[in-house]
Every structure is written in C-alpha cells, then in structure tokens.
Amino acid sequence: MEFMIYRGAPYKYDWLVDLVEDVGGFIISKSMQTTEVVIIFAVPKEDVQKVEEMSGRIFGELKSALLAGTEIIMVSPSYARHHAPMPHCGIIQNFRENGAKVNSLAMARGVGLEICRMSAMEKSLIEEHDLAVFMFGSFEHCIKEYKLKMIEDLNMPIVVMAYPPMEVEKSNITYVDGLTRILMSFRKGDEQERLNKVTQAVLETVKKIKEELKDDPLVVPPIYLKQEIEQQIPAIETCLSPAPVTLKLDSLRIKLPYDTYADDIKNVHILNNKTLTDAAEVSRSYTGQILVKIQRESTAGSFFGE
Amino acid sequence: MEKLFIESEDKHAVEAYRQIVDYVLHDLSVKSLDAIHIYADPVAPFFSCRVDFERSGNPLKIKDLSTERVGDEDVDLVIGEERYLPDMLRKLWDVYGQDRVEQSERQHVIVKGVSKDADVEKLLNIVVVDPLEKFYEQLITLAVDIIPVGFRVRRVEYAGDSVLVIASEKTIEKEWIDYSKEKLQWNS
C-alpha cells in the first residue's frame, strides 16, 4: 500500500474518493475547509498512476504521505513567545504535511533546570501516542542533567531536538542537534535543512516501529478496524473532531465518550464471526476517549488461518 | 547592525544565542539599538544581558504640546497635540491637584492660580512624555525574549543609555551580580 496526501479544491474531489475506493484503497482522513480539501489515503502500489492521472484531471496536488497512519505528539516546554508559534507550530505543520496526525502539548512546568517537571497527567497523555517529539534548548548542562532526566520515565519512542551535539545513551531516544527555540518559519534554505533532519529522524523511528511490527504482526490492520467501526457505529458521524477514528501504528483512538460507547465498540463485528474484543483491547484514554489496542499474532494467534 | 557579544563556557550555546538574538531582533524590530552583551552561566544558573541604545527623541514638555495664554490669575493652555492630552492632564493633576486644573472646552486646559513668570515657566517646563521610559520598556521586552523562559527571577538596572538584566530561576546571588557587572563592563 502506498500512502498519499491529496490537496485540491472541493469541486469534484469525490471523483478521487470514488477512485480510491474502486481500486481497493482506504481513505484515512478527509478534511474539508471552504476552499481546500485535504485527503490522506492508501492505495495499492500498482494503482498509484491512476490516482496521479485523476489528480491531474481535477487540478489537485499529490504527495507521498510517509507519516500517514501515525499519531505523533509535539511537546514544547511552554507556549511562551520563545517556543510558540515558531518554531513549535512550524514543526507540527511539517509533520502534518507528511500525513501524520499531530497533537500539540506545552508543558505546565517544562521550563528551567531544577524547576522542570513532567506531571503524571502529561506522562499519560504523551504515552498514548506512537511517537513523542520534544524540543529543548541550547545548554548542554541543562539538557543532560535535567531535561533528559525529566523524560527518562517515558516508555515509548522519542525524538529530542536541541542545539548542542550530544550522545544520548537511552535506546528509545533519537537525538537531533541544530534546532532549538529559534523563531524560524522554515522558509529559507538553511532552516529547511534543519527541519529535514528532524523529519528524517522521525521517519527512521517510525520505520523501526513498523519493522518491529513485521516480526510480530498485528492480527488485523488498524485501517481495517477503522473501516468496520465507521460502518457499524453511526455515532462516529456526529463527532465534530478532526479524524474521529484516528489511526495509529498499532492501535486506534476513537473520539467518542468511553462510558457511552465502549460496549458498542467492543461488539463491532469483524471477519470470521469474531468481535472486536477478540482482536483488540478496548480501554479508556486519559481524556475519556476510547483507545483500541490491537493484539499481536503471538498473543491472539493468526486470524487468517495457517 | 548592532554589535553582539555573547560569552559562556558552553560554546554551542554561544552559537545558538547568536541566532536566537538575530531572529528576535528581526521579529521585534527595535530601533536605535547600539550593542547587546550577554553572559550565560548554565551551571549556577544565571543569564545576564546588557543592552545599549542610542538616545534619541527628547522629552515632550507642556510648552511643546500647547500654546499658553497667561491671564491675571491663571493660564489657559490651548492644546496643539491631542494625542498626549490624557498624559498632560494626569501630569497637571499630579503637580497642581485636580481642583486647580479645568478642561473647559475640548482644546483648552485652564490651570488656576498660576500667573507669576516664574510659576508660568515652571508650568511650561513640566515633562509630559518621556520617550525614554517607553524605550526602556521595549528593551526589557527584548531582553525577556532572549533570556530563557524559566529564568523568571529578574533584576533590572538602568544607567543612562543602557539596561542590565540579570535573570535566574533561583534567588540572585550577590556574586552573580558583581560578576555580571564586571564581565559586561557595567558602569552604574
């Protein structure tokens, strides 16, 4: 499957949607604004050319969406002028243009040396994502002795960006130097290069996770479960959030209240007369939404027979 | 272009702050800056920043903003520049009290009980707006944008054409102040 992102006018965008569905592809997300529609989708590799031709006919732009199907969280120490909107939002926009679903977090007490802390709430929120990207500062002493220690309890893949070159021992952290709280809007050449280094690190981390998933595959692909949920739970259409069923690498986030809809989600029918609970664990997210974590073949066995 | 001097034991931080200051200056577009001196100690920790500027813009006095008509017992000020009228009234209230200052019409302010030459002279020389104050505020905003966000404890000193800000996340020690003043060649 090839993941792609289409940007064009709302007029005739449904031709593309129909084509994607006809060739056996999946629509991951569709975002409609008044003058622009952004569609992230997956199609079989052999049908990419048909999609390119259609995109040309309806005057849209097509790009590879290398980060499609991931939910990333971008964490900055604060929302002060030092960090936001530049470069925090510029970095987020870059990931979104590559197809990722990105959430933004500014820590309550992320600034300073001895005063910096990560709260239990922030830790829970961050750990629900596939990957966390942190932005730190310019002083080696601060990053080594305080900031890296602040995030050492996080049990997930992390990309850290800061200014000084450094070696980081923890295996789940990828460190990128050269980019920090400089008010860049990423339009000039050198700024783009630094941002590309971070994007490259994120891509490599996602690649590693996907390879690890190949060794012990998921019993069903997340996109299949997403389709079934969208077809069988009408309440999804009432959800106003963007991407009401958000794809992650090995799970889904459903933006409906856990207390009301958890049972409906658990009873969703999937292939071979099974229900969703046979393939995944349904749990409550920190904010009361529904998280569906798909099981691996080593635990639940293969659903497709030997 | 301003002169920029950054010193710290952390050499990479020096490079980073050169770029940070560059972008902040571009973003805030502060005029009449002369030089910026920075010293950063990441271990203590404290961060000192001295900003020098070229003094420009004279203080505006009552005589610059209005024309006076001296009467027997009071002075009628005919307002030329309405923009500063609120500041002017506030200043006159401070000096003479509200009961002696009357704005009878839109363009007239009467100050009662002032008729002798010496008093009139004193009235006309009252400073209404000092652009230097606004400028100091701009410079402090600039310094705060440069200084790391977590260093909320700040000590500010002014001297003529310079502002010195020493910041830390802890209580500022006397030795840091002395060291910064020496490093940044601060003459208080």
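In this text the structure is predicted, and so the values were computed from the model without any measurement. (Residues numbered from 1 in each chain as written. Chains lettered and ligands numbered in written order. Predicted model: local features only at pLDDT ≥ 70, side-chain atom pairs only at ≥ 80, totals over all residues. Heavy atoms only, no water.)

Draft legend 1. The sheet that holds strand S5 (residues 71-76) of chain A, seen in detail. Residue and element names in this part refer to chain A. In spatial order, the strands read S6-S5-S7-S8-S9; together these five strands make up an open sheet with parallel pairing. In this open sheet, the two strands that pair with only one neighbour each are strand S6 (101-106) and strand S9 (173-177). On average, each strand axis in the sheet is tilted by 20° relative to the strand beside it, whichever way the strands run. Bridge count between strand S8 (residues 158-162) and S9: five bridges; the pairing is parallel. Residue Val 160 lies in a different strand from S9, and its bridge partner there is Tyr 175. Lying over the sheet, helix H3 (residues 88-97) contacts S5, S6, strand S7 (131-135) and S8, oriented at roughly 165° with respect to S6. (Pairing = 2+ DSSP bridges. Helix = DSSP H or I, 4+ residues; strand = E, 2+ residues; numbered from the N terminus. Axes fitted to C-alpha atoms, helices over the stretch in contact; angles between N-to-C directions. Contact = heavy atoms within 4.5 Å.)

Draft legend 2. Geometry of the environment of Val 292 of chain A. Residue and element names in this part refer to chain A. Its place among the elements puts Val 292 in strand S15 (residues 290-294). Along the chain, Val 292 and Val 282 lie ten residues apart, while their C-alpha atoms are 4.6 Å from each other. Discounting residues that sit within four places of it in the chain, Val 292 has contacts with Leu 225, Ser 251, Leu 252, Ile 254, Ile 265, Leu 276, Ala 280, Glu 281 and Val 282.

Draft legend 3. Summary view of unusual backbone geometry. Residue Pro 87 of chain A follows Met 86 of chain A across a cis peptide bond; omega there is 0°. By the element assignment, Pro 87 of chain A lies in the loop between S5 and H3. Residue Pro 45 of chain B is reached from Ala 44 of chain B by a cis peptide bond, and omega for that bond is -10°. As for its position among the elements, Pro 45 of chain B is in the loop between strand S2 (33-41) and strand S3 (46-53). Although it is not a glycine, Ala 243 of chain A adopts a positive phi angle of roughly 50°. Even without a glycine there, the phi angle at Asn 272 of chain A is positive, about 60°. Tracing the chain through its elements places Asn 272 of chain A in the loop between strand S12 (269-270) and strand S13 (274-275).

Draft legend 4. Here's a closer look at the side chain of Glu 122 of chain A. Residue and element names in this part refer to chain A. Its location among the elements puts Glu 122 in helix H4 (residues 120-127). Of the side chains bearing the opposite charge, Arg 109 lies closest to the buried Glu 122, which forms no salt bridge; the N-O distance is 7.7 Å. Residues in contact with Glu 122, not counting those within four places in the same chain, are Met 107, Ala 108 and Arg 117. (Buried < 20%, exposed > 50% of the residue type's maximum accessible area, 1.4 Å probe, protein only. Lys, Arg positive; Asp, Glu negative; His and termini not counted. Salt bridge = Lys/Arg side-chain N within 4 Å of Asp/Glu carboxyl O.)

Draft legend 5. Summary view of the pairing of strand S1 (residues 2-8) of chain A. Where S1 of chain A meets strand S3 (residues 37-43) of chain A, seven bridges bridge the pair, whose relative direction is antiparallel. Within S3 of chain A, the position partnered with Glu 2 of chain A by the bridge is Val 43 of chain A.

Draft legend 6. How the structure looks around the confidence of the model for chain B. Residue and element names in this part refer to chain B. Summing up the model confidence of chain B, the mean pLDDT is 88 and the portion of residues at 70 or higher is 98%. Taking the mean pLDDT of every element in chain B, the minimum, 84, falls on helix H5 (residues 131-146) and the maximum, 94, on helix H6 (residues 174-183). The ipTM for the predicted assembly is 0.86, set against a pTM of 0.85. (pLDDT = per-residue confidence, 0-100.)

Draft legend 7. The domain arrangement of chain A, seen in detail. What the domain assignment reports for chain A is domain 1 (2-64), domain 2 (71-214) and domain 3 (222-300). Summarising the inter-unit geometry, the C-alpha centres of domain 1 of chain A and domain 3 of chain A are found 25 Å apart. (Domains from an automatic or database assignment.)

Draft legend 8. The side chain of Gln 289 of chain A, seen in detail. Within the fold, Gln 289 of chain A resides in the loop between strand S14 (280-284) and S15. There is a polar contact of 3.2 Å between the side chain of Gln 289 of chain A and the side chain of Arg 253 of chain A. (Polar contact = N/O pair within 3.5 Å; in protein donor to acceptor, adjacent residues only side chain to side chain.)

Draft legend 9. Seen up close, the domain arrangement of chain B. Considered domain by domain, chain B is made up of domain 1 (4-56 + 132-183) and domain 2 (60-129). Inter-centroid distance (C-alpha atoms) of domain 1 of chain B to domain 2 of chain B is 40 Å.

Draft legend 10. Fine view of the interface of chain B and chain A. In this assembly, 29 residues from chain B lie in contact with 24 residues from chain A. Between chain B and chain A, the buried area comes to about 2,200 Å², and carbon and sulfur atoms account for 61% of it. Contact with chain A buries area across many residues of chain B, yet Tyr 23, Val 149 and Glu 169 of chain B alone supply 28% of it, more than any other trio. The salt bridge involving Arg 81 of chain A is made with Asp 27 of chain B; its shortest N-O contact spans 3.2 Å. Viewed at the interface, chain A and chain B are joined by 16 residue pairs in polar contact (both at pLDDT 80 or more). At the level of elements, helix H1 (11-28) and H5 of chain B are the ones that each hand at least two residues to the side of chain B that touches chain A. The dominant element in the side of chain B that touches chain A, judged by the number of residues it contributes, is H1 of chain B, at eleven residues. (Buried area = accessible area lost by both parts, 1.4 Å probe.)

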